[in-house]
Amino acid sequence: MIEAHLTARISDLADLEASVRGSKYVIGENSVIDSFVKFKPAGGRGDITIGRNCTINSGCVFYSGHGITIGDNVLIAANCTLAPVNHEFRDKNSAIREQGFQPSRGGIVIEDDVWLGANCVLLDGSILRKGCIVAAGSIVRGTVEAYSINGGSPLRTLGYRT
């Protein structure tokens, strides 16, 4: 189910795939979902919730997995992947595709006023605190401090907003 505020803008070229497990997508006031953005229900029953005044740029892929919650005034640059889900893989006698998914690590939470540069990857359990910045091409796993500026893989703090 998709719940979009009347002022939200969703490109006709975006692909918000319907969930067969009951996940819902909520898109807040004045938020923009650009062309070639993909919402994919996979690996769980989590919802994707996007706050007010957010922009999700072209080529981003959001897996519903264990859920994605995005606050207000968040900017997500092109080609970012948010994957709050992990395949199970421990049984070497079974194909990975037959093992299902691991338990939730908490989904993905992005608080208000966050900026993600292009080509970032956020993994299950990522928490991006208010006002932080993540540089292009970074991989995020775990908590990112409020108002910090971060980059790389592994992710490291480069400085702070003043």
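Relevant structure appears above.
Okay, so let's go over this structure. As a convention, each chain's residues are numbered from 1 in the sequence order in which they are written. Per-residue local features of the predicted model are confined to residues with pLDDT of at least 70, and side-chain atom pairs are confined, for both listing and counting, to 80 or more; whole-chain, interface and lining totals are unaffected and use all residues. The side-chain values count all of the structure's non-hydrogen atoms but skip hydrogen atoms and water molecules.

**Considering the nonpolar core**
Link 1 in the chain: Residues Phe62, Ile76, Ile110 and Leu128 are the most contacted members of the largest nonpolar core, which totals 31 residues.
Link 2 in the chain: Listed by contribution, the elements that provide at least two residues to this core are strand S4 (25–27), strand S7 (48–50), strand S10 (68–70) and strand S13 (108–110).
Link 3 in the chain: The residues contacting Ile76, other than those within four sequence positions of it, are Thr55, Ile56, Asn57, Cys60, Phe62, Ile70, Ile110 and Leu116. What is meant by a nonpolar core is a set of buried Ala, Val, Leu, Ile, Met, Phe, Trp, Tyr and Cys residues, joined one to another through side-chain atoms within 4.5 Å. Buried, partly exposed and exposed residues are distinguished by accessible area as a fraction of the type maximum, computed with a 1.4 Å probe on protein chains only: under 20%, between the cut-offs, and over 50%, respectively. Going along the chain from the N terminus, every DSSP run of H or I of four or more residues is numbered as a helix, and every run of E of two or more is numbered as a strand. Residues count as neighbours in contact if any of their non-hydrogen atoms are within 4.5 Å of one another.

**Remarks on the environment of Ala42**
Link 1 in the chain: By the secondary structure assignment, Ala42 is in the loop between strand S6 (38–40) and S7.
Link 2 in the chain: Ala42 gets classed as buried once you look at its relative accessible area, which sits at 18%.
Link 3 in the chain: Residues Ala42 and Ala18 lie 24 residues apart in sequence; the distance between their C-alpha atoms is 11 Å.
Link 4 in the chain: Beyond its immediate stretch of four places on either side in the chain, Ala42 contacts Arg21, Tyr63, Ser64, Gly65 and Val85.

**Some thoughts on the sheet that holds S6**
Link 1 in the chain: Strands qualify as paired when DSSP identifies two bridges or more between them. Within the open sheet, the six strands sit side by side as S3-S6-S9-S12-S15-S18. Their pairing is parallel. With partners counted over all chains shown, the strands left at the sheet margins are strand S3 (15–16) and strand S18 (139–140), one partner each.
Link 2 in the chain: Judged from the two bridges that link them, S3 and S6 form a sheet pairing that is parallel. When the sheet's bridge partners are listed, Asp15 is paired in S6 with Lys38.

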